[in-house]
Amino acid sequence: MIEDRERAATTDARDLALECVETGIEAGHPRRVIREAVTVEGSETPAESRDGGATGDTLRIGDDGYDLAAYDEVVVLGGGNAAAQVAAALEDALGDRIDGGVVVTDDPVETERVTVLEGDHPVPSERGVESTRELLAAADAADEGTLVLAAITGGGSALMPAPAGEVTLEALQETTNALLECGADIGEINAVRKHCSALKGGRLARRAAPATVVSLVLSDVVGNDLSVIASGPTAPDASTFDDALAVVDRYGIDVPDAVADRLERGADGEIDETPGPDDPAFETVSNHVVADGMTVLEAARDAAAERGYETLLLSSRVRGEAREAATTHVAVAEEVLATGTPVSTPAVILSGGETTVTVRGDGTGGPNQEFATSAALDLEGGITVAAVDTDGIDGATDVAGAIVDETTVDDAERARETLAANDVFPYLEERGELIRTGPTGTNLNDLRVLVVG
């Protein structure tokens, strides 16, 4: 998975850190996750049946069962970085039970029955708007005889743009860029995006009503808030136009006039709020989180344990400024190295979640690259750090993250300058410390691995 892995794995500690990264990402891949979460009972599997199609009566997802004979058609709708992978996995599970569908992604894979359309991430694009238009048309065509399997994964907010009212794509792009750079967390960002969209904040479920909607959610959000993952297209939304305006005011964002006007009109009651928990659209909707950050962390922990290392899983919910989180992580590793508390060496410390970067410079990088660079400034012998975004895209770059140790920083002043300018990408690239995976098909938040001793 990791390009030029041998170059990066120059020590046993680096090799282990990269193994943990690869194992964690693979554990969260949709094909593996869906295979474990979705079954068809009462028949042969697609691989065993003569025509390659599942002929069972009951689709089971977790503890819930759905009688496939009760529906006229089964379609797959949704979007996100891993949505096409989910669609392909559902085809593997259900075979010719699936009658069609549309998903929007930036990581297309071949499918037989579901139409895969492309969009862009992290900033929405014109092709994403066109693709989402087709997705919404498919949702509008659903009726009470339709079973909608909704593939909802991280990245869906950008990949499924549906500018509402007078909001243009350009206004949405400008607003998205400002939100990504101001240091707002994903909940705050999506509160604004939901109120500028014809799909987000439960509106996809409303468009599909009265169909039965069963969402398969791969969460890239701390705490698995369904209303925040991909901006909650099939989940009730408790946020309001007032909340969206508060985010704009809190971070001093100068949004385009069309966005400001829509938010203000909504706050004044001139535009309907996003559907809440009592909306009848959700009477036939169920949401299932089939994978999240803990899925990745547990697999990485097992990989370290198999190599004979003690493990410490700090949290799957780390958030805040990336460089500040790095300082705290290194402090924990130093304690382990110095005193054997709270675990003895050799040890691997793991965390997930989603850190942010308040952009003040005009350079290139991402939260995981800034985490790694900040950590490298404090590292002494015995600690190696890898930090990646599990989708293979850190910030707006084409790398997943970076791996560093005490040899990375040979000029602390320059390293600090690159952090101040938010320009750590070229600094890490010069040193051969970047981790490149390409699109992984997985999007379950960040993964940080610290190998100690």
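Everything quoted here is computed from the prediction, not taken from an experiment.

Rules used in this analysis
- Each chain carries its own residue numbering, running from 1 in the written order of its sequence.
- Reporting of local features is limited, given that this is a predicted model, to residues whose pLDDT is at least 70; pairs of side-chain atoms are given and counted only at 80 or more, and all residues count toward the totals for whole chains, interfaces and linings.
- With hydrogens and water stripped out, all remaining heavy atoms of the structure feed into the side-chain values.
- Put simply, DSSP marks the helices as runs of H or I at least four residues long and the strands as runs of E at least two long, and each gets a number from the N terminus on.
- Throughout, radius of gyration means the C-alpha value; the globule benchmark is 2.2 Å times the number of residues raised to the power 0.38.
- Buried residues are those whose accessible area, probed at 1.4 Å on protein chains only, stays under 20% of the maximum for their type, while exposed residues exceed 50% and partly exposed ones sit between those limits.
- Every residue pair with non-hydrogen atoms within 4.5 Å of one another is taken to be in contact.
- With residues, only the protein chains shown are counted as cover, and all accessible areas are computed by Shrake-Rupley using a 1.4 Å probe.
- Only four residue types enter the charge count: Lys and Arg as positive, Asp and Glu as negative, with His and the chain ends excluded.
- Working definition for charges: the position is that of NZ of Lys, CZ of Arg, CG of Asp or CD of Glu.
- Note on pairing: two strands pair once DSSP finds at least 2 bridges between them.
- Under this scheme, a helix contributes an axis fitted over its contacting stretch, all axes are lines through C-alpha atoms, and angles between N-to-C directions fall in the 0 to 180 degree range.
- By convention a nonpolar core is built from buried Ala, Val, Leu, Ile, Met, Phe, Trp, Tyr and Cys residues, the set being connected through side-chain atoms within 4.5 Å.

> Describe the overall build of the protein, with residues and values.
Summing up its helical and strand segments, the protein has 16 helices and 15 strands in all. Against the globule reference of 22 Å for 453 residues, the protein gives a C-alpha radius of gyration of 22 Å, in line with a compact fold. The dimensions of the protein, computed from C-alpha atoms along their principal axes, are 65 × 55 × 35 Å. Residues counted as buried form 58% of the 453 residues belonging to the protein. Taking as baseline every contact in the protein between residues at least 6 positions apart, the subset at least 24 positions apart corresponds to 76%. Looking at the protein as shown, the accessible area adds up to about 17400 Å², and 42% of this sits on carbon and sulfur atoms. Of the charged side chains in the protein, 32 are positive and 87 negative; the average position of the first set lies 1 Å away from that of the second.

> I'd like to hear about the sheet that holds strand β15 (residues 446-452), residue by residue, with values.
Pairing within the open sheet is mixed, and its 6 strands lie in the order β10-β11-β15-β12-β13-β14. The outermost strands of the open sheet, each flanked by one partner alone, are β10 (310-321) and β14 (434-435). Relative to β15, helix α2 (residues 12-27) is tilted by about 155°, and along the sheet it contacts β11 (347-356), β12 (383-389), β13 (401-404), β14 and β15. Where helix α13 (residues 322-339) meets the sheet, its contacts fall on β10, β11, β12 and β15, and the angle it forms with β10 comes to roughly 160°.

> Could you give an account of the nonpolar core, naming the residues involved and the relevant values?
Among the nonpolar cores identified, the biggest contains 55 residues, and V38, L59 and V449 are the most heavily contacted of them. Those residues within four positions of V38 in sequence are excluded, and the remaining contacts are L59, R60, I61, L90, A93, L94 and L216. Judged by nonpolar contacts, the second largest core, of 34 residues, contains L312, A375, L434 and L450.

> Describe the sheet that holds strand β2 (residues 58-61), naming the residues involved and giving the relevant values.
Reading across the sheet, the 3 strands line up as β1-β2-β3 and stay open at both edges, with antiparallel pairing between neighbours. Of all the strands in the sheet, the pair left with one neighbour each is β1 (38-41) and β3 (64-67). Adjacent strand axes in the sheet meet at a mean angle of 25° when their direction is disregarded. Sheet analysis places β1 next to β2, joined by 4 bridges and oriented antiparallel. Looking across to β2, one finds that V40 is bridged to L59. Taken strand by strand, helix α4 (residues 83-94) contacts β1 and β2, and its axis lies near 20° from that of β1.

Note that all results are geometric; they support no functional claim without further evidence.
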